[in-house]
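Examining the three-dimensional arrangement
The chain contents come next:
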Amino acid sequence: MALAVGMRVLTRALLRPWARGLRVAPGRTGPAAGGGDGMRCFGSPRVLVEPDPAAGVAVVKMRNPPVNSLSLEFLTELLISLEKLENDKTFHGIILTSDCPGIFSAGLDLTEMCGRKPEHYVEYWKAVQETWLRFYLSNLVVIAAINGVSPAGGCLLSLTCDYRVLANNPKYTIGLNETLLGIVAPFWFKDTMVNTIGHRATERALQLGLLFPPAEALRVGVVDQVVPEDQVQSTARSVMAQWLAIPDHARQLTKTLMRKPTADRLLTERDADIQTFVRFICRDSVQKSLHAYLEKLKQKKG
Ligand SMILES: CC/C=C\CCC/C=C/C(=O)SCCNC(=O)CCNC(=O)[C@H](O)C(C)(C)COP(=O)(O)OP(=O)(O)OC[C@H]1O[C@@H](n2cnc3c(N)ncnc32)[C@H](O)[C@@H]1OP(=O)(O)O
């Protein structure tokens, strides 16, 4: 309880400067919005929230084209949407999915980690930490409906969820591929993966930077279910109904029991983790690797 309140205060303090100038997207009522009782879609430029109040569920669609890279602004908007839903007693569950065809999320925004000043890296890393903490410890049931490729930070975001449904498309790979970029997944990325698939599988996956296609992702346990692409949303909905049928207080306390030790590790080492990130990302060799990787992505088109 104290942790939850502390985190809220912290988020508010952290978000204030970033949130300036954010526009709230004009509301619209749609079929997924539980149009019957008039509740409208809401959100922000990069996050569309489709509420279904009757079910107590909101579908949160990431729409930061072209690839839902997790930029500072996008992370801020995601956090604001999460906080809004958590504070609204109507909602007990969120389905996190993508509005960008074929991409769940391309992970952390490489342009936030290249050629910037150290102060920017500090601000960016705080936002990444905060997003992980808030999603990982959310009292809501959070289900990822993974309808696209999901490397690195995209995979991490899905790993904060309580359940992952992946569309069965061989292009939709998922994993922590940081080593392929010449960077290292921080300890809390690693811990989240260990908690999901175990130590040995994580050791292999992280060292090799493995991006698992659906069947492999299911076999190793990175995702809980693989379904045909057109059934991802409906499957996420029926899984949500099962989770919401459990007495909420018991489920929430159990989630906290399972996840708090992992979250506490980052909470106690937060500043040190920021320093480690900034020192690492500022290295010439790391900047060169990231620039080369971004260049390779751009040249792929030509
Ligand atoms: C001590 C700790 C230190 C460090 C820890 C850091 C941890 C880092 C975690 C991360 O998440 S790093 C990011 C890892 N992400 C990736 O490796 C994915 C890279 N992207 C891709 O593989 C592909 O873009 C794709 C997601 C498979 C989509 O392919 P598609 O062909 O559909 O699009 P395209 O490649 O042409 O990209 C379009 C456009 O978007 C830009 N882009 C792609 N990914 C990112 C990204 N992560 N950040 C910023 N920008 C990205 C790409 O360059 C193109 O830009 P352009 O249109 O200007 O050319």
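Residues numbered from 1 in each chain as written. Predicted model: local features only at pLDDT ≥ 70, side-chain atom pairs only at ≥ 80, totals over all residues. Heavy atoms only, no water.

Examining the sheet that holds strand β8 (residues 163-167)
Two orientations exist for strands paired in a sheet by backbone hydrogen bonds: parallel and antiparallel. As a reminder, the rule being used: For two strands to count as paired, DSSP must find a minimum of two bridges between them. The secondary structure listing takes helices from DSSP runs of H or I that are at least 4 residues long and strands from runs of E that are at least 2 residues long, numbered from the N terminus. Helix axes are fitted only over the stretch in contact, all axes being lines through C-alpha atoms; the angle between N-to-C directions runs from 0 to 180 degrees. Contacts are residue-level and defined by heavy atoms, with any inter-residue pair within 4.5 Å sufficient.
Ordered by their spatial adjacency, seven strands build an open sheet running β1-β2-β3-β4-β6-β8-β10, and the pairing between neighbours is mixed. Taken across any chain shown, the strands that pair with only one partner, and hence form the sheet edges, are β1 (42-44) and β10 (225-227). Recorded for the sheet is a direction-independent mean angle of 20° between the axes of neighbouring strands. Alignment of β8 against β10, held across three bridges, turns out to be parallel. Across the sheet, V165 pairs through a bridge with Q225, a residue of β10. Packing of helix α2 (residues 72-87) onto the sheet brings it into contact with β1, β2 (47-52), β3 (57-62) and β4 (93-98), and relative to β2 it is tilted by some 20°.

Looking at helix α5 (residues 187-197)
In plain terms, the rule: The buried label applies to any residue whose accessible area, calculated with a 1.4 Å probe on protein chains only, is under 20% of its type's maximum; exposed applies above 50%, and partly exposed to all values in between.
Those residues of α5 that sit buried are F187, W188, F189, D191, T192, M193 and I197. If you follow the buried residues of α5, they end up packed against α3 (118-136), α4 (153-159), α6 (199-208), α7 (214-220), α9 (248-268) and α10 (270-281). Looking one or two places after α5, you find G198, whose phi comes out positive at around 95°.

Let's talk about the pairing of β3
Among the six residues in β3, six count as buried, and that is most of the element. Here β2 pairs with β3 via six bridges, running antiparallel. Its bridge partner being in β3, E50 is matched across the sheet by V59. Following β2, the chain reverses through four residues before pairing antiparallel with β3; G56 in that reversal takes a positive phi of roughly 75°. In this sheet, β4 lies alongside β3 in parallel orientation, the contact comprising six bridges.

Observations regarding the nonpolar core
Formally: The set of buried Ala, Val, Leu, Ile, Met, Phe, Trp, Tyr and Cys residues whose side-chain atoms join them within 4.5 Å is what this entry labels a nonpolar core.
In this structure, L78, L85, L96, W188, V222 and L290 are the most contacted members of the largest nonpolar core, which totals 83 residues. The residues touching V222, leaving out its near neighbours within four places in the chain, are C155, L159, R164, I174, M193, T196, I197, F212 and A217.

Considerations on the packing of α5 against α6
As a reminder of what qualifies: With respect to orientation, any angle under 35 degrees is reported as roughly parallel, any angle over 145 as roughly antiparallel, any angle of 65 to 115 as roughly perpendicular, and every other angle as oblique. Put simply, a crossing is left-handed when the front helix is turned counterclockwise from the back one by less than a right angle, and right-handed when it is turned clockwise. Under the convention adopted here, Pro, Cys and the residues Ala, Val, Leu, Ile, Met, Phe, Trp and Tyr are nonpolar, Asp, Glu, Lys and Arg are charged, and Gly plus all remaining residues are polar.
The geometry of α5 relative to α6 is characterised by a closest axis approach of 7 Å and an angle of 130° between their N-to-C directions. Looking at the two axes, α5 sits oblique to α6. For the pair α5 and α6, the crossing hand works out as right-handed. Where α5 abuts α6, its residues K190, M193, V194 and I197 lie against H199, A201, T202 and L206. The residue inventory of the contact of α5 with α6, partitioned by class, reads five nonpolar, two polar and one charged.

Quick word on unusual backbone geometry
Note on backbone geometry: most residues besides glycine have negative phi, and most peptide bonds are trans. Of note, the bond from P65 into P66 is cis; its omega dihedral lies within 30 degrees of zero at 10°. Summarising the element assignment, P66 is placed in the loop between β3 and α2. With a phi close to 50°, N68 is a non-glycine residue in the positive phi region. Inspection of the secondary structure assignment puts N68 in the loop between β3 and α2. Positive phi, close to 45°, is recorded for A152, a residue that is not glycine. The exposure class of A152 is buried, given its relative accessible area of 13%.

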